[in-house]
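# Observations on the model geometry
Letter by letter, the chains look like this.
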Amino acid sequence: MIDIIQQLRGSNPSLPSTIIVLRADSRALADPETLTPEALAWIEDRTPGARLSQETVLLAPYPGAVPAERKVTVLAFQDSRHLAAFATAWTGDPIVEDQG
């Protein structure tokens, strides 16, 4: 993951400094280029300046393999506390309230 972050900072210095790469199955994503309405509302309310983008990085499928270009979805934040709040709210499994 650190290698991906370093590549992103080098290839797109306009991204804010605190970055999380979202998995394709992230519940915050409607598709690779769009946040769900719920995630977008949460981000706009709690993490001003956050930015979603698609970036290309070189990744090896396993150690020692030849790296290949891969598109990743990145959410960049102005503040590390914003990333931590987002990760807590959106990257784990949702907490289901006990119904009975």
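Residues numbered from 1 in each chain as written. Predicted model: local features only at pLDDT ≥ 70, side-chain atom pairs only at ≥ 80, totals over all residues. Heavy atoms only, no water.

Let us now look at the overall build of the protein chain. A count of helical and extended segments in the protein chain gives three helices and five strands. Listing the helices and strands of the protein chain from first to last along the sequence gives α-β-β-β-α-β-β-α. By its C-alpha atoms, the protein chain is 50 × 30 × 20 Å across when sized along the principal axes. For the protein chain, buried positions account for 36% of its 100 residues. A fraction of 55% describes how many contacts in the protein chain between residues 6 or more apart in sequence connect residues 24 or more apart. When the 8 positive and 13 negative side-chain charges of the protein chain are each reduced to one mean point, those points stand 6 Å apart. (Helix = DSSP H or I, 4+ residues; strand = E, 2+ residues; numbered from the N terminus. Buried < 20%, exposed > 50% of the residue type's maximum accessible area, 1.4 Å probe, protein only. Contact = heavy atoms within 4.5 Å. Lys, Arg positive; Asp, Glu negative; His and termini not counted. Charge placed at Lys NZ, Arg CZ, Asp CG, Glu CD.)

Before going further, it helps to spend a moment on the packing of helix α2 (residues 37-46) against helix α3 (residues 80-90). In contact at an axis separation of 11 Å, α2 and α3 are set at 150° when each is read in the N-to-C sense. One way to sum up the angle between α2 and α3 is to call them roughly antiparallel. Judged by the sense of rotation from one axis to the other, the crossing of α2 with α3 is right-handed. Along the contact surface, α2 presents E38, A39, W42, I43 and R46, while α3 presents H82, A85, F86, A89 and W90. (Axes fitted to C-alpha atoms, helices over the stretch in contact; angles between N-to-C directions. Parallel < 35°, antiparallel > 145°, perpendicular 65-115°, else oblique. Left-handed = near helix turned anticlockwise from the far one by under 90°.)

Here three strands make up an open sheet; going across it, the order is β1-β5-β4 and the pairing antiparallel. In this open sheet, the two edge strands, each paired with only one partner strand, are β1 (18-22) and β4 (51-59). Averaged over all adjacent pairs, the angle separating strand axes in this sheet is 40°, with direction ignored. Along the sheet, α3 contacts β1 and β5 (68-77); its crossing angle with β1, the most-contacted strand, is approximately 25°. (Pairing = 2+ DSSP bridges.)

Here we come to the side chain of T47. Summarising the element assignment, T47 is placed in the loop between α2 and β4. Accessibility expressed as a relative area gives 1% for T47, which makes it buried. Here T47 is in contact with W42, F77 and H82, once residues within four sequence places are set aside.

Here we take up the packing of aromatic side chains. On inspection of all chains with the given rule, the structure shows two aromatic pairs. Both rings, one in W42 and one in F86, keep their centres 6.2 Å apart while their planes meet at 65°; by these two values the pair is edge-to-face. Here the residue W42 occupies a position in helix α2, and F86 occupies one in helix α3, the gap between them amounting to 44 residues. This pair shows no difference in class: W42 is buried, exactly as F86 is. Both rings, one in F77 and one in F86, keep their centres 5.7 Å apart while their planes meet at 45°; by these two values the pair is tilted. We classify F86 as buried; its relative accessible area is 0%. Among the aromatic residues, those joined into a cluster by ring pairs are W42, F77 and F86. (Phe/Tyr/Trp six-rings, centres within 6.5 Å; stacked < 30°, edge-to-face > 60°.)

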